[in-house]
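# Close look at the chain arrangement
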Amino acid sequence: QVQLVESGGGLVQPGGSLRLSCAASGKIFSINVMGWYRQAPGKQRELVAQITNGGSTNYGDSVKGRFTISRDNAKDTVYLQMNSLKPEDTAVYYCKANVREISPPIVYNTWGQGTQVTVSS
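Let me sum up the structure you'll find in this document. Please read these numbers as outputs of a predicted model, since none were measured by experiment.

### Let's talk about the pairing of strand E10 (residues 107-111)
- Burial along E10 is one-sided: Tyr108 and Thr110 are buried, and none of Val107, Asn109 and Trp111, which face the opposite way, are.
- Pairing analysis gives 5 bridges linking strand E9 (residues 91-101) to E10, with the strands arranged antiparallel. Directly across from Ala97, in E10, lies its bridge partner Thr110.
- Counted between consecutive antiparallel strands, the loop separating E9 from E10 contains 5 residues.

Spelled out as structure tokens, the structure:
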């Protein structure tokens, strides 16, 4: 099973910035879409941003213009640069990847364990 490990979460003041990273490891043949989701207490998990292996991106409406997703295909890593953070961005952020393993050539979605982002003064 391919594993995802997130890092970079923490406490930041409103208006500040954070950069999240998510590295995939295991018997990876290819990764199609990689993305970030978040879940605040009492709310459903929602899409933050996603990126294909070709670089096409898609953002949730609440983060457009403030967050930027990118990836390094050589390192099987996806990043989320978060600027102009607001208290409502407070949530656990999860990385998700659609992976194909080397052998057997199975394709599936896998999730990271999550990293806490807290925006507060």
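### Quick look at the state of the cysteines
- Considering all chains together, one arrives at 1 disulfide under this definition.
- Across the disulfide from Cys22 sits Cys95; the S-S distance is 2.1 Å. For the disulfide bridge between Cys22 and Cys95, the dihedral angle about the S-S bond is near -85°, and by the sign convention the bridge is left-handed. Within this pair, whereas Cys22 is found in strand E3 (residues 18-25), its partner Cys95 is found in strand E9, the two being separated by 73 residues in sequence. Comparing Cys22 with Cys95 shows no difference in burial state: the two are buried.

How each quantity is defined
- Residues numbered from 1 in each chain as written.
- Predicted model: local features only at pLDDT ≥ 70, side-chain atom pairs only at ≥ 80, totals over all residues.
- Heavy atoms only, no water.
- Buried < 20%, exposed > 50% of the residue type's maximum accessible area, 1.4 Å probe, protein only.
- Helix = DSSP H or I, 4+ residues; strand = E, 2+ residues; numbered from the N terminus.
- Pairing = 2+ DSSP bridges.
- Disulfide = S-S within 2.5 Å.

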